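The chain contents come next:
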Amino acid sequence: MGLFNLFGGADINQGLKEYENTAGAVLLDVRTPQEYKDGHVPGSKNVPLQSIREAKAVIGRTDTPVFVYCLSGGRSRQAAGMLERMGYGNVKNIGGISAYKGKVER
């Protein structure tokens with residue numbers, strides 16, 4: 001368990017640095033389509049938590065590195081667990097966009 005998990009959750013900004021340095025990784029936004037439309041991290045793909053079973057179309061192979069975020073980290077934590085149960089072996093919850101310090105895309 002990383003230090004950031006001990007003190008209240010994942011750090012999306014640190015997680016995005018790791019994502020950018022991981023070849024072939026997928027950045028998954030598990031918020032609703034409307035939340036995604038209102039502003040998302042550039043390069044992310046939207047697969048809402050309630051549709052997570054459809055993530056295979058976006059992610060592909062089960063060994064693909066997947067970085068998951070939502071608004072505050074709760075839904076992304078759930079999605080990461082579901083993806084792991086679906087057989088994805090390299091999934092990381094990077095927390096919530098509410099703490100994101102970069103530019104959003106609309």
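Rules used in this analysis
Residues numbered from 1 in each chain as written. Predicted model: local features only at pLDDT ≥ 70, side-chain atom pairs only at ≥ 80, totals over all residues. Heavy atoms only, no water. Core = buried A, V, L, I, M, F, W, Y, C linked by side-chain atoms within 4.5 Å. Buried < 20%, exposed > 50% of the residue type's maximum accessible area, 1.4 Å probe, protein only. Helix = DSSP H or I, 4+ residues; strand = E, 2+ residues; numbered from the N terminus. Contact = heavy atoms within 4.5 Å. Salt bridge = Lys/Arg side-chain N within 4 Å of Asp/Glu carboxyl O. Pairing = 2+ DSSP bridges. Axes fitted to C-alpha atoms, helices over the stretch in contact; angles between N-to-C directions. Right-handed = clockwise from strand over helix to strand, strands pointing away. pLDDT = per-residue confidence, 0-100. Expected span 1.5 Å × (residues − 1).

1. A short note on the nonpolar core
For step 1, the next point in the chain: Membership of the largest hydrophobic core comes to 16 residues, with the highest contact counts inside it found for Leu28, Val30, Ile52, Ile59, Val68 and Leu83.
For step 2, the next point in the chain: Elements represented by at least two residues in this core include exactly strand 1 (26-29), strand 3 (66-70) and helix 5 (74-85).
For step 3, the next point in the chain: Filtering out sequence-adjacent residues up to four positions away, Val68 remains in contact with Leu28, Val30, Ser76, Ala79, Leu83, Val91, Lys92, Asn93, Ile94 and Gly95.
For step 4, the next point in the chain: Core analysis: the second largest hydrophobic core is formed by eleven residues, Leu16, Tyr69, Ile94 and Ile97 among them.

2. A word on the pattern of salt bridges
For step 1, the next point in the chain: The full count for this structure, using the stated rule, is four salt bridges.
For step 2, the next point in the chain: We note a salt bridge from Asp29 to Arg31, for which the minimum N-O separation is 2.8 Å.
For step 3, the next point in the chain: Residue class for Asp29 comes out buried when judged on its relative accessible area of 0%.

3. Observations regarding the sheet that holds strand 4 (residues 91-96)
By way of backbone hydrogen bonds, the strands of a sheet pair with one another, either parallel or antiparallel.
For step 1, the next point in the chain: The four strands are arranged 2-1-3-4 in an open sheet whose pairing can be described as parallel. Strands at the two margins of the open sheet, each flanked by one partner only, are strand 2 (45-46) and strand 4.
For step 2, the next point in the chain: Both strand 1 and strand 2 contribute to a ladder of two bridges, which runs parallel. Across the sheet, the residue bridging to Leu28 is Lys45, located in strand 2.
For step 3, the next point in the chain: Packing of helix 5 onto the sheet brings it into contact with strand 1, strand 3 and strand 4, and relative to strand 3 it is tilted by some 150°.

4. Focus: the pairing of strand 3
For step 1, the next point in the chain: Within strand 3, five of the five residues are buried, leaving the element largely enclosed by the surrounding structure.
For step 2, the next point in the chain: Across the two faces of strand 3 the burial is the same, with Val66, Val68 and Cys70 and Phe67 and Tyr69 all buried.
For step 3, the next point in the chain: Direction of pairing for strand 1 relative to strand 3: parallel, over a ladder of four bridges. Bridge pairing in strand 3 links Leu27 to Phe67.
For step 4, the next point in the chain: Alignment of strand 3 against strand 4, held across five bridges, turns out to be parallel. The residue of strand 4 that forms the bridge with Phe67 is Lys92.
For step 5, the next point in the chain: A crossover connection joins strand 3 to the parallel strand 4 through helix 5; in handedness this β-α-β unit is right-handed.

5. Section: the confidence of the model for the chain
For step 1, the next point in the chain: The predicted model of the chain has a mean per-residue pLDDT of 93, with 92% of residues at 70 or higher.
For step 2, the next point in the chain: Low pLDDT, under 50, characterises residues 1-7; the stretch is placed with six contacts to residues that sit more than four places away or in other chains.

6. Considerations on helix 5
For step 1, the next point in the chain: Taking 1.5 Å as the rise per residue, helix 5 with twelve residues should run 16 Å; its terminal C-alpha atoms sit 17 Å apart, in good agreement.
For step 2, the next point in the chain: Next to the buried residues of helix 5 lie strand 1, helix 4 (56-59), strand 3 and strand 4.
For step 3, the next point in the chain: Downstream of helix 5 by a residue or two, Gly87 has a phi angle that is positive, lying close to 105°.

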